[in-house]
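# A look at the structure
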Protein chains: 2
Amino acid sequence: MIDLAAGIDIGGTNTVFGLVDAQGRIHGSGTIKTSSFKDVEEFVSALYNNISEEALRKGNVRLTGFGIGAPMGNINKGSIEHAAGLPWKGIIHLADIFRKHTALPVIVTNDANAAAIGEMVFGDAKAMTDFIVITLGTGLGSGIVVNGRLVYGHDGFAGELGHTSAGHGFADRECGCGKMGCLETYVSATGLKRTLIHLLADDLQQCSLRNVSFNDLTSEMIYNAATEGDKIAMEAFRLTGNVLGASLADFVAVTSPEAIFLFGGVARAGKMLFDPVRESMEMNLLNIYRGKVKLLPSGLEAGNAAVLGAGSLVWSGNLV
Amino acid sequence: MIDLAAGIDIGGTNTVFGLVDAQGRIHGSGTIKTSSFKDVEEFVSALYNNISEEALRKGNVRLTGFGIGAPMGNINKGSIEHAAGLPWKGIIHLADIFRKHTALPVIVTNDANAAAIGEMVFGDAKAMTDFIVITLGTGLGSGIVVNGRLVYGHDGFAGELGHTSAGHGFADRECGCGKMGCLETYVSATGLKRTLIHLLADDLQQCSLRNVSFNDLTSEMIYNAATEGDKIAMEAFRLTGNVLGASLADFVAVTSPEAIFLFGGVARAGKMLFDPVRESMEMNLLNIYRGKVKLLPSGLEAGNAAVLGAGSLVWSGNLV
């Protein structure tokens with residue numbers, strides 16, 4: 001008999017789950033299409049059934065709980081609140097809906113917090129008590145750990161670093177949240193794309209992406225162009241790194257972390273992103289912090305990081 | 001027999017101490033002139049002797065420890081490191097020097113952290129687990145509490161919010177730390193003064209402070225002028241409040257506190273500062289935080305707040 005936690009990563013298009021053991025190995029997984037469920041009760045039924053079937057199929061499995069990472073997930077209430085990318089509007093009491101199916105623990109938090117717990121339980125922050133995880137996807141998410149515990153704040157919504165102001169000189173971009181110049185309008189897959197489009201307008205250098213529309217452009221295309229030596233694509237990464245580095249210097253002045261992990265799609269660009277981030281962060285750090293903060297890639301297996309993060313919520317003991 | 005902790009507030013000019021009981025009452029106090037001691041060993045001897053004499057003079061007193069708030073105080077090492085305003089350069093192992101005189105606990109931290117602990121032990125944050133204290137003096141200091149514990153970070157130097165970037169459009173001022181546009185260059189007694197001088201240059205309205213030099217100008221003069229209806233002095237407070245409010249909105253997105261306390265000289269301006277801070281904070285908050293964060297004055301007795309904060313370090317149990 002093996003104990004396994006269901007790690008569930010809810011995204012706007014797909015919801016992926018995995019059965020995660022206490023060592024962070026995945027024993028079976030599955031996917032359902034989030035966007036095809038107008039009704040959240042039906043979504044949870046389908047998800048619960050899929051997970052149960054997968055556990056039965058494996059055989060000799062005891063489920064220990066459900067860990068869920070979701071946009072705008074709130075740990076205190078087990079809810080998802082006003083998540084723009086999901087089909088269900090308003091406040092969704094996701095844990096309560098799950099509990100109609102199971103008496104096992106159900107833990108809901110946002111995807112970046114799940115990534116941070118995953119890094120502590122299964123990844124490269126096992127020995128750390130103070131660190132930050134920045135997730136770079138469509139937007140910029142963050143999970144902050146202080147004194148060995150995740151920072152949830154008064155209302156469970158701490159760690160929205162994507163909606164702090166980008167640094168001096170970066171105030172021009174409208175954010176989906178209604179504010180101007182939020183960090184994620186510059187630093188995220190979408191931010192990188194906006195920066196590239198901006199450069200195409202300002203700069204006359206040759207660029208292989210001039211025949212791609214705003215809507216068709218992806219961060220992967222920019223990455224591929226940059227690795228082939230496209231100057232404008234390379235400059236887009238450099239600018240993105242500069243803006244992120246300056247903001248990281250400010251975040252360091254708040255919680256003074258031992259390390260900052262960059263997680264998610266854009267972070268897989270490696271050196272192309274990490275080098276300008278590190279340079280800009282060091283340049284902008286207050287002297288007492290210089291040379292002390294590690295900038296690291298996630299220690300979780302790339303394809304499974306979100307599911308491992310969600311599963312770690314169940315295995316985290318009192319870290320959550 | 002009464003148990004009393006020595007609360008010590010080390011400033012560049014004076015060092016003030018008080019004998020603080022477990023309820024936050026002060027039984028005797030004293031002052032020595034920091035700036036007259038070139039040698040830190042002699043400073044500690046004189047301070048220790050003064051405290052002992054004051055305790056003896058009171059009679060029937062048992063000292064329980066020494067709590068020290070000092071610029072650049074580091075709780076992990078019991079040190080003061082590169083504090084520009086103090087007569088002793090480099091890294092001063094203050095707790096070790098104290099321990100040549102006493103076997104009692106000696107706790108050193110920075111003045112803003114001491115204020116935050118004071119607010120939890122004796123002030124208005126007794127029931128709070130997540131809050132921020134902003135101290136507005138010559139500079140801007142901060143003490144951040146998360147999950148009921150002070151945030152020290154990896155190296156003991158967390159909470160330097162005065163050296164994060166002021167918001168969009170406020171990048172012009174040189175900071176003593178070597179960076180440009182740090183929050184404290186706009187928001188502090190010195191920042192308020194720089195703003196007033198700036199307004200005198202830009203604006204031709206009458207102002208009672210046009211005959212005061214930069215060097216002679218103080219935040220008290222600006223406060224007095226503003227209470228008498230001086231338009232430029234009032235505008236200086238409004239601008240200071242605006243810049244602070246925008247930054248507070250960013251800090252809320254990091255730790256999501258229940259309350260933010262404004263502490264120290266400039267904060268005593270009350271409504272004149274609090275109104276624009278509150279307005280600007282609310283306007284800049286991400287929607288999920290709006291209307292949730294209390295903006296409060298310190299709950300510690302004004303004249304004794306720093307000493308009570310330092311004394312609270314000894315009475316704080318495992319909060320520190």
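Structure's up top.
Let me begin by describing the structure that accompanies this report. (Residues numbered from 1 in each chain as written. Chains lettered and ligands numbered in written order. Predicted model: local features only at pLDDT ≥ 70, side-chain atom pairs only at ≥ 80, totals over all residues. Heavy atoms only, no water.)

## A few points about the packing of helix α3 (residues 111-121) of chain B against helix α8 (residues 305-315) of chain B
All names here are of chain B. Packing of α3 against α8 brings their axes to within 7 Å, and their N-to-C directions diverge by 70°. By the angle between their axes, α3 is roughly perpendicular relative to α8. Helix-helix and strand crossings are classified by hand; for α3 and α8 the assignment is left-handed. Residue-level contacts link Ala114, Ala115, Ile117, Gly118 and Val121 of α3 to Gly309, Ala310, Ser312, Leu313 and Trp315 of α8. For the contact of α3 with α8, the residue count by class is seven nonpolar, three polar and no charged. (Axes fitted to C-alpha atoms, helices over the stretch in contact; angles between N-to-C directions. Helix = DSSP H or I, 4+ residues; strand = E, 2+ residues; numbered from the N terminus. Parallel < 35°, antiparallel > 145°, perpendicular 65-115°, else oblique. Left-handed = near helix turned anticlockwise from the far one by under 90°. Contact = heavy atoms within 4.5 Å. Nonpolar A, V, L, I, M, F, W, Y, C, P; charged D, E, K, R; others polar.)

## Structural notes on the packing of helix α6 (residues 231-255) of chain B against helix α7 (residues 271-284) of chain B
All names here are of chain B. At a closest axis distance of 7 Å, the pairing of α6 and α7 adopts a crossing angle of 40°. Taken together, the axes of α6 and α7 are oblique relative to one another. Between α6 and α7 lies a crossing whose hand is right-handed. Facing α6, whose interface residues are Phe237, Arg238, Thr240, Gly241, Asn242, Leu244, Gly245, Ala246, Leu248 and Ala249, α7 presents Met272, Leu273, Pro276, Val277, Ser280, Met281 and Asn284.

## Looking at helix α1 (residues 40-58) of chain A
Each α-helix turn comprises 3.6 residues. Residues three or four places apart therefore point the same way. Residue and element names in this part refer to chain A. For α1, built from 19 residues, the straight-helix expectation of 27 Å at 1.5 Å per residue is met to within 8% by its first-to-last C-alpha distance of 27 Å. Three or more residues of α1 are buried, namely Val40, Phe43, Val44, Ala46, Leu47, Tyr48, Ile51, Glu54 and Ala55. On its buried face, α1 sits against β1 (2-10), β2 (14-20), β3 (26-33), β4 (61-69), β7 (91-92) and α2 (94-99). Sitting at the head of α1, Asp39 places a side-chain oxygen 2.7 Å from the backbone nitrogen of Glu41. Where α1 terminates, the next one or two residues include Gly59, which has phi positive at roughly 75°. (Expected span 1.5 Å × (residues − 1). Buried < 20%, exposed > 50% of the residue type's maximum accessible area, 1.4 Å probe, protein only. Polar contact = N/O pair within 3.5 Å; in protein donor to acceptor, adjacent residues only side chain to side chain.)

## A look at the relation of the copies chain A and chain B
When chain A is fitted onto chain B, the two copies agree to an RMSD of 0.0 Å after a turn of 180° and an axial shift of 0.0 Å. The operation mapping one copy onto its partner corresponds to a two-fold rotation axis. Distance from the rotation axis, computed per C-alpha, reaches its smallest value in chain A at His168(A): 2.8 Å. Comparing contact sets, 100% of the residues at the interface of chain A also lie at the interface in chain B, consistent with an isologous, same-surface contact. (Least-squares fit on C-alpha atoms with pLDDT ≥ 70 in both.)

## What about unusual backbone geometry?
Residue and element names in this part refer to chain A. In this structure, Asn60 takes a positive phi of about 55° despite not being glycine. Following the sequence through the fold, Asn60 ends up in the loop between α1 and β4. Backbone geometry at His82 places phi at a positive 50°, although glycine is not the residue there. Turning to its location among the elements, His82 is positioned in the loop between β6 (79-81) and β7.

## Examining the pairing of strand β1 (residues 2-10) of chain B
All names here are of chain B. Taken together, the eight bridges between β1 and strand β4 (residues 61-69) define a ladder with parallel strand orientation. Paired with Ile8 across the bridge in β4 is Ile68. Where β1 lies against strand β2 (residues 14-20), six bridges are found, and the strand directions are antiparallel. Along β2, the bridge assignment pairs Ala5 with Val20. The antiparallel pairing of β1 with β2 creates a hairpin that spans three residues between the two strands. (Pairing = 2+ DSSP bridges.)

## Observations concerning the interface of chain A and chain B
If you look at the interface, chain A gives 42 residues, while chain B gives 42 residues. Summed over both sides, the interface between chain A and chain B buries roughly 3,500 Å², with carbon and sulfur atoms accounting for 60% of that surface. Considering only the surface of chain A that becomes buried against chain B, His154(A), His168(A) and Val254(A) emerge as the three largest contributors, covering 20% of it. Joining chain A to chain B, the criterion identifies two salt bridges. As a salt-bridge pair, Lys292(B) and Asp155(A) come within 3.2 Å of each other at their nearest N and O atoms. (Buried area = accessible area lost by both parts, 1.4 Å probe. Salt bridge = Lys/Arg side-chain N within 4 Å of Asp/Glu carboxyl O.)

## Here we look at the packing of aromatic side chains
Inspection of the entire model under this criterion finds 14 aromatic pairs over all chains. For the pair Phe37(A) and Phe43(A), a centre-to-centre distance of 5.8 Å together with 70° between the ring planes defines the contact as edge-to-face. Phe37(A) gets classed as buried once you look at its relative accessible area, which sits at 16%. Here Tyr48(B) and Phe66(B) contribute two aromatic rings whose centre-to-centre distance is 5.8 Å and whose plane-to-plane angle is 35°, an arrangement assigned as tilted. Of the two residues, Tyr48(B) is situated in helix α1 (residues 40-58) and Phe66(B) in strand β4; the sequence distance between them amounts to 18 residues. (Phe/Tyr/Trp six-rings, centres within 6.5 Å; stacked < 30°, edge-to-face > 60°.)

## Brief notes about the sheet that holds strand β5 (residues 73-74) of chain A
All names here are of chain A. In spatial order, the strands read β5-β6-β7; together these three strands make up an open sheet with antiparallel pairing. The open sheet has two free edges, formed respectively by β5 and β7, since each of these has just one partner strand. Relative to β6, β5 runs antiparallel, the two sharing two bridges. Within β6, the position partnered with Asn74 by the bridge is Ser79.

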